[in-house]
Amino acid sequence: MVVLPGGVFRMGTEDPDGFPDDAEGPIREVRVSSFAIDPCAVSNARFADFVDDTGYVTEAERFGWTYVFAKFLPGHLRKESPRPEQTPWWCGVSGASWRHPEGPGSDVEGRWDHPVVHVSWHDAAAYCKWAGKRLPTEAEWEHAARGGLDQARYPWGDELTPGGEHRCNIWQGQFPVRNTAEDGHVGTAPVNSFEPNGFGLHNVSGNVWEWCADRFSENSDNRAMRGGSYLCHDSYCNRYRVAARTSNTPDSSSGNLGFRCAADA
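Note that this is a predicted model, so its numbers are computed, not measured.

Considerations on unusual backbone geometry
Phase 1: A cis amide bond links Gly25 with the next residue in sequence, Pro26, at an omega value of 5°.
Phase 2: By the secondary structure assignment, Pro26 is in the loop between β2 (7-11) and β3 (28-32).
Phase 3: For the bond from Phe175 to Pro176, the omega torsion is -5°, close enough to zero to count as cis.
Phase 4: Mapped onto the elements, Pro176 comes out in the loop between β7 (173-174) and β8 (178-179).
Phase 5: The phi dihedral of Phe194 falls on the positive side, at around 65°, and the residue is not glycine.
Phase 6: With respect to the helices, strands and loops of the structure, Phe194 is situated in the loop between β8 and β9 (209-215).
Phase 7: Residue Phe194 is classed as buried on the basis of its relative accessible area, which comes to 19%.

Looking at the sheet that holds strand β11 (residues 245-248)
Phase 1: One open sheet accounts for 4 strands, arranged β11-β10-β9-β12; its pairing is mixed. A strand with exactly one partner marks an edge of an open sheet, and here the two such strands are β11 and β12 (257-258).
Phase 2: Relative to β11, strand β10 (residues 223-226) is paired through 4 bridges, and the arrangement is antiparallel. Bridge assignment links Arg226 to a residue of β11, and that residue is Arg245.
Phase 3: Docked against the sheet, helix α5 (residues 138-146) engages β9, β10 and β11, running at close to 140° with respect to β9.

Considering the UniProt feature "domain: Sulfatase-modifying factor enzyme-like" (unreviewed entry) in the protein
Phase 1: Summarizing the sequence annotation, UniProt attributes the feature "domain: Sulfatase-modifying factor enzyme-like" (unreviewed entry) to residues 1-262 in the numbering used throughout.
Phase 2: A distance of 8 Å separates the end C-alpha atoms of residues 1-262, which is 16% helix and 18% strand.

A look at the nonpolar core
Phase 1: Counting 26 residues, the largest nonpolar core has Val42, Phe47, Val116, Tyr127, Leu135, Trp211 and Phe259 as its most contacted members.
Phase 2: Taken together, the elements giving at least two residues each to this core come down to α1 (44-54), α4 (121-131) and β9.
Phase 3: With residues up to four places along the chain from it excluded, the contact list for Leu135 reads Trp121, Ala124, Ala125, Cys128, Trp211, Cys212, Ala213, Phe259, Arg260 and Ala262.
Phase 4: Ranked by size, the runner-up nonpolar core spans 19 residues in total, among them Phe9, Ile37, Ala145 and Val204.

Some words on the environment of Gly18
Phase 1: With respect to the secondary-structure elements, Gly18 resides in the loop between β2 and β3.
Phase 2: Counting along the chain gives 220 residues from Gly18 to Asn238, while the straight-line C-alpha distance between them is 7.7 Å.
Phase 3: Leave out the neighbours within four places in its chain, and Gly18 touches Glu24 and Arg241.

Description of α5
Phase 1: Of all 9 residues making up α5, 9 are buried, and the element is well covered by its neighbours.
Phase 2: Taken as a whole, α5 has its buried residues at Glu138, Ala139, Glu140, Trp141, Glu142, His143, Ala144, Ala145 and Arg146.

Brief notes about the state of the cysteines
Phase 1: For the structure shown, the criterion picks out 0 disulfides.
Phase 2: In this structure Cys40 is a free cysteine whose sulfur lies 12 Å from that of Cys261, the closest cysteine sulfur available.
Phase 3: Cys40 gets classed as buried once you look at its relative accessible area, which sits at 13%.
Phase 4: Not engaged in a disulfide, the cysteine Cys168 finds its nearest cysteine sulfur in Cys232; these two sulfurs lie 9.2 Å apart.

What to know about α4
Phase 1: Of all the positions in α4, only Trp121, Asp123, Ala124, Tyr127 and Cys128 are classed as buried. Viewed along the axis of α4, the buried residues span an arc of 160°, placing them on a single side of the element.
Phase 2: The opening residue of α4 is Ser120, an N-cap whose side-chain oxygen sits 3.3 Å from the backbone nitrogen of His122.

Some thoughts on the environment of Arg134
Phase 1: Its place among the elements puts Arg134 in the loop between α4 and α5.
Phase 2: Put simply, Arg134 and Arg31 are 103 residues apart on the chain and 19 Å apart in space, counted from C-alpha to C-alpha.
Phase 3: Among the polar contacts made by the side chain of Arg134, one reaches the side chain of Asp264 at a distance of 2.9 Å.

Observations regarding the packing of aromatic side chains
Phase 1: Per the stated rule, a full pass over the model turns up 19 aromatic pairs.
Phase 2: On the numbers, 5.5 Å between centres and 55° between planes, the contact of Tyr127 with Trp130 is tilted. Of the two residues, Tyr127 and Trp130 both sit in helix α4, 3 residues apart, roughly one turn of that helix.
Phase 3: Residue classification places Trp130 among the partly exposed positions, given a relative accessible area of 34%.
Phase 4: For the ring pair Trp171 and Phe175, a centre distance of 4.9 Å and an interplane angle of 80° mean the geometry is edge-to-face. Both residues of the pair, Trp171 and Phe175, count as buried.
Phase 5: Each member of the aromatic cluster is reached from another via a ring pair, and the members are Phe47, Phe50, Tyr56, Trp98, Tyr127, Trp130 and Phe259.
Phase 6: Positioned above the aromatic ring of Trp121, the side-chain terminus of Arg223 is 4.0 Å from the ring centre.
Phase 7: One Lys or Arg, Arg239, reaches over the ring of Phe19 and ends 3.8 Å from the middle of that ring.

Reading the values: rules and limits
- Residues numbered from 1 in each chain as written.
- Predicted model: local features only at pLDDT ≥ 70, side-chain atom pairs only at ≥ 80, totals over all residues.
- Heavy atoms only, no water.
- Helix = DSSP H or I, 4+ residues; strand = E, 2+ residues; numbered from the N terminus.
- Buried < 20%, exposed > 50% of the residue type's maximum accessible area, 1.4 Å probe, protein only.
- Pairing = 2+ DSSP bridges.
- Contact = heavy atoms within 4.5 Å.
- Axes fitted to C-alpha atoms, helices over the stretch in contact; angles between N-to-C directions.
- UniProt positions renumbered as here; feature names shortened; annotations may be inferred.
- Core = buried A, V, L, I, M, F, W, Y, C linked by side-chain atoms within 4.5 Å.
- Disulfide = S-S within 2.5 Å.
- Arc of directions from axis to C-beta.
- Polar contact = N/O pair within 3.5 Å; in protein donor to acceptor, adjacent residues only side chain to side chain.
- Phe/Tyr/Trp six-rings, centres within 6.5 Å; stacked < 30°, edge-to-face > 60°.
- Lys NZ or Arg CZ within 6 Å of the ring centre and 35° of its normal.

Next up, the structure:
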């Protein structure tokens, strides 16, 4: 784990391209105590160790289904799986889980070093407890993701592709119709892909959303999620910015949602 000393940083943003309804701002000074955080999201291999040791069954496995991006599915599953009206690119796929990310017939062979997905907040918390760790607070997550930069839009600076170089795994092309995969990835990428930020953390922008410990707001039971995912695109969801945030119910899961662990230092 990466140990970060306590201190004060400027959290939040007033970015004109942000989402005020997500309470990204205002910019405020926040103090964090010293803490440790994983340099990478939890991988399929690490989650498999947890399951093998404990016999844990994820909520998606108990519910019998979870959400998969439609274009990853074979035709018959795409046709028979229900879709949310507001986000029709997602399909509720029976039999999908962390072991079967695209539903029956799929597996994680060849993807052991990719982030585990289809894990709920409860699943992530259970893993953390087993590992002797915990989920990071939003303040800890953002402080770590900034990598020592003050108010930069991304973990590496303000330009998305400096010198034409892709620094994260997000959607290129026209969402959700065509992904040119110019960054080298269509779905998830290995957890240590791309250069780390100034604190040594990989993929705090893009790849998979990451659960945090906090409730999204005082009046909500939803839990905060940070970092964006491989499905984020400027045309509808530029939440791969380091100050961006969103949420979901703690029993929810999907094919672009994972987590990394933190611990007291």
